[in-house]
Amino acid sequence: MFSHIMLGSNDIARSKKFYDATLGVIGCKPAEPNDKGRLAYVHTGGRLIITRPLNGEPATAANGGTIGFAMNSAEQVNAWHKAGVENGGEAIENPPGIRHTSMGDLYLAYLRDPDGNKLCAMYKAA
């Protein structure tokens, strides 16, 4: 359904540090700014692009929005969360762990990136 997700950033270098670390956990290579200063992370056909807003206004986080990243294990969720906290992210909601949902048991962790975007790492537990 989705070709890409683009997030605004007020500080590309700060975002690079955060996303290189958190997305490195799932196998993404570090991004290098392109000629427009954007960062592009590519993994299993998906693209996450980080950019300064084109209108010149400050980047703001989506109110009510969450971007979820699929993980291969609870350990990978924990590593993602740890990398995020150590690289400028903020731990939010409950600590990483099992949540009993209508979709079954999910192992989840939540962070806000350095610009305030809400992110989730999810592993569908057996």
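Here is a short report on the structure shown in this document. (Residues numbered from 1 in each chain as written. Predicted model: local features only at pLDDT ≥ 70, side-chain atom pairs only at ≥ 80, totals over all residues. Heavy atoms only, no water.)

Quick look at the environment of glycine 45
Looking at the element boundaries, glycine 45 is found in the loop between β2 (39-43) and β3 (46-51). Separated by 41 residues in sequence, glycine 45 and histidine 4 place their C-alpha atoms 9.1 Å apart. (Helix = DSSP H or I, 4+ residues; strand = E, 2+ residues; numbered from the N terminus.)

What to know about the sheet that holds strand β1 (residues 5-8)
Strand order in the open sheet made by the 3 strands is β1-β3-β2, with mixed pairing throughout. The open sheet terminates on both sides in strands that have one partner only, identified here as β1 and β2. The sheet shows a mean angle of 15° between the axes of neighbouring strands, taken without regard to direction. Note that β2 and β3 share 5 bridges and pair antiparallel. Directly across from histidine 43, in β3, lies its bridge partner glycine 46. Across the face of the sheet, helix α1 (residues 12-24) comes into contact with β1, β2 and β3 while running at roughly 10° to β2. (Pairing = 2+ DSSP bridges. Axes fitted to C-alpha atoms, helices over the stretch in contact; angles between N-to-C directions. Contact = heavy atoms within 4.5 Å.)

Some points on the pairing of β3
Of the strand pairs in this sheet, β1 and β3 are connected by 4 bridges, and their pairing is parallel. Bridge assignment links leucine 7 to a residue of β3, and that residue is isoleucine 50. Once β2 ends, the chain turns through 2 residues before running back antiparallel as β3, passing threonine 44 with a positive phi of about 45°.

What to know about the side chain of aspartate 113
By the secondary structure assignment, aspartate 113 is in the loop between β7 (104-112) and β8 (118-124). In this structure, aspartate 113 is buried with no salt-bridge partner, the nearest side chain bearing the opposite charge being arginine 14 at 6.8 Å. Setting aside chain neighbours within four positions, we find aspartate 113 in contact with Leu7, Phe18, Tyr19 and Leu119. (Buried < 20%, exposed > 50% of the residue type's maximum accessible area, 1.4 Å probe, protein only. Lys, Arg positive; Asp, Glu negative; His and termini not counted. Salt bridge = Lys/Arg side-chain N within 4 Å of Asp/Glu carboxyl O.)

A word on the environment of alanine 79
With respect to the helices and strands, the residue alanine 79 is situated in helix α2 (residues 74-86). Residue classification places alanine 79 among the partly exposed positions, given a relative accessible area of 33%. Put simply, alanine 79 and leucine 108 are 29 residues apart on the chain and 12 Å apart in space, counted from C-alpha to C-alpha.

A look at unusual backbone geometry
Located in the positive-phi region is threonine 44, a residue other than glycine, with phi close to 45°. You can see threonine 44 is positioned in the loop between β2 and β3. Judged by relative accessible area, threonine 44 falls into the exposed class, the value being 75%. Unlike most non-glycine residues, glutamate 93 shows phi in positive territory, near 60°. When you line up the elements, glutamate 93 lands in the loop between β5 (90-91) and β6 (97-101).

Side note on the side chain of asparagine 117
Positionally, asparagine 117 belongs in the loop between β7 and β8. A relative accessible area of 7% means that asparagine 117 is categorised as buried. If near-sequence neighbours (up to four positions away) are discounted, asparagine 117 is found in contact with Leu7, Gly8, Thr60, Ala61, Ala62, Leu111 and Arg112.

Any link to function would need more than the numbers given here.
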